[in-house]
Amino acid sequence: MISGERFLSDLETLGTIGWVEGHGMDRAAYSKNYEEARTFVQKKMEEAGLSTSMDEVGNLFGRMEGTEGGAPAIMAGSHLDAVPGGGKYDGPLGVMAALEAARAIRERGIALRHPFEVVGFIAEEGGPLGGTFGSRALTGLVKDPIPEEVLNQFGLTVEGIQAARRDPASLCCYLELHIEQGPYLDRRGIPIGIPTGIVGISRYAVTVEGETNHAGSTPMKERKDAMRHATDLLNKWFAWVDTRDDFVCNVGVFSLHPGSVAIVPGAAEFILEIRSLKDAVMEEAFQRFKALCDCEAGLPVTVRRTVWKGGTDLAPGLQDAAERACGAAGIPCVRMPSGASHDANSMAHVTPSGMIFVPSIRGVSHSKEEATSPEDLARGAEVLARTIIEADKIFS
Ligand code: HGY
Ligand code: MN
Ligand code: MN
């Protein structure tokens, strides 16, 4: 029912905004490139006859009314920001597919009972605002205080964040099409995944306190080398992580201070990220890490939790709706968990939420090599459009 050609053309055009050859996407939330991308999407929404608006934190909405005035809205979309050097589909696929669904529904004269809103969330990717920021603002989940300098950096205010909260009663359900960002579908040749749940994410700022000293004249045995202590600790930690299969862990940010080749590092700082479908497992893993820090003789280690987003289940009714949509279109699908976090994690806290996955070639994402075939992209948009129509029937 969608126009695959129009959808893919708009998606690829959006993918050129902020794209740097050899690097990947340069489109952080609140950046110039981000604003250019959002303006492009807003124009496309208006051309499609949607009424557009933006909330106080920079989320973009395109709305078309339904036949039942005052009914809660079906919302579909994803995020428009990208990780540094990331790909062009992580986020924008879901926004442009929701827009294409709106166009196809309108062009076919399908009268939805519920209003339909396309959303482009801001600041979904991890960063100073904690990730899934735009959708957490909409759902009232921005609980931890944000440092003044971070608010100023992005032109945000506490009042603005609070004003962005949407009354959950105004929402009927939320749907998000997204690339899988893992190898499950690609390895099995299955074109559509239907996520059953989304992992929780926890992040910890870890500091190892050593002692700066001369890198040449300080005897090895007398050094309080923060780098060696941190790497010893992490080697022991990852040896334990490798014995488990119910959570994943990453250290993507690691810095040494003062950071000179001729100085024994006095401090090592890193961000430890733990993800699991089960919050209790995330907590157990953290306790194990903490115990390692405490028992590892030598240098003092401080650990501060900076992010805790529990895992969420996705609405079975929307999983069934997506499965029916696939069945009607003769598209094979499989239910599976999501190892990546998404705005649907925030939305699932306030309204029935569902997701649809399309394969990531070689499972690669958060990389300039991120890729999905045009056929799979268009198939995902088709299933999303049909699922929206299904959702319109199942919710009052
Ligand atoms: O990190 C994530 O899981 C998401 O891609 N932001
Ligand atoms: Mn994403
Ligand atoms: Mn991402």
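These figures come from a predicted structure and were not determined experimentally.

Procedures and definitions
Residues numbered from 1 in each chain as written. Chains lettered and ligands numbered in written order. Predicted model: local features only at pLDDT ≥ 70, side-chain atom pairs only at ≥ 80, totals over all residues. Heavy atoms only, no water. Helix = DSSP H or I, 4+ residues; strand = E, 2+ residues; numbered from the N terminus. Expected span 1.5 Å × (residues − 1). Buried < 20%, exposed > 50% of the residue type's maximum accessible area, 1.4 Å probe, protein only. Arc of directions from axis to C-beta. Contact = heavy atoms within 4.5 Å. Salt bridge = Lys/Arg side-chain N within 4 Å of Asp/Glu carboxyl O.

Student: Just to check I follow, could you spell out helix α10 (residues 316-329) for this structure?
Tutor: One turn of an α-helix holds 3.6 residues; hence residues three or four places apart share an orientation. The end-to-end C-alpha distance of α10 is 20 Å, a good match for the 20 Å that 14 residues give at a rise of 1.5 Å each. What α10 keeps buried is the set L318, Q319, A321, A322, A325 and C326. Along α10, the residues classed as buried sweep out an arc of 160° about the axis, all on the same side. Structural note: α10 exposes P316, G327 and A328 on the side pointing more than 90 degrees away from its buried face. Summarising the contacts, the buried residues of α10 are in contact with β7 (171-179), β8 (192-198), β16 (333-338), β17 (353-358) and α12 (374-394).

Student: Can you walk me through α12 in this structure?
Tutor: Its 21 residues place the ends of α12 30 Å apart at the C-alpha level, agreeing with the 30 Å of an ideal helix rising 1.5 Å per residue. Summarising burial for α12: 15 of the 21 residues are buried, a large majority.

Student: Is there a simple way to explain the pattern of salt bridges in this structure?
Tutor: Side chains that carry opposite charge are capable of pairing whenever their charged atoms lie near each other. As enumerated under the stated definition, the model contains 26 salt bridges in all. The shortest N-O distance in the salt bridge between R113 and E68 comes to 3.0 Å. Linking R113 in the loop between α3 (92-107) and β6 (116-121) with E68 in the loop between β4 (60-64) and β5 (73-79), this pair joins segments that are 45 residues apart in sequence. On the accessibility criterion, E68 (36% relative accessible area) is partly exposed. For D376, the salt bridge identified is with R379, shortest N-O distance 2.8 Å. You can see D376 and its partner R379 sitting in helix α12, 3 residues apart, about one turn around the helix. What makes D376 buried here is its relative accessible area of 13%. Among the charged side chains, a salt-bridge network with shared partners connects R6, D10, K43, K44, E47, E100, R103 and E107.

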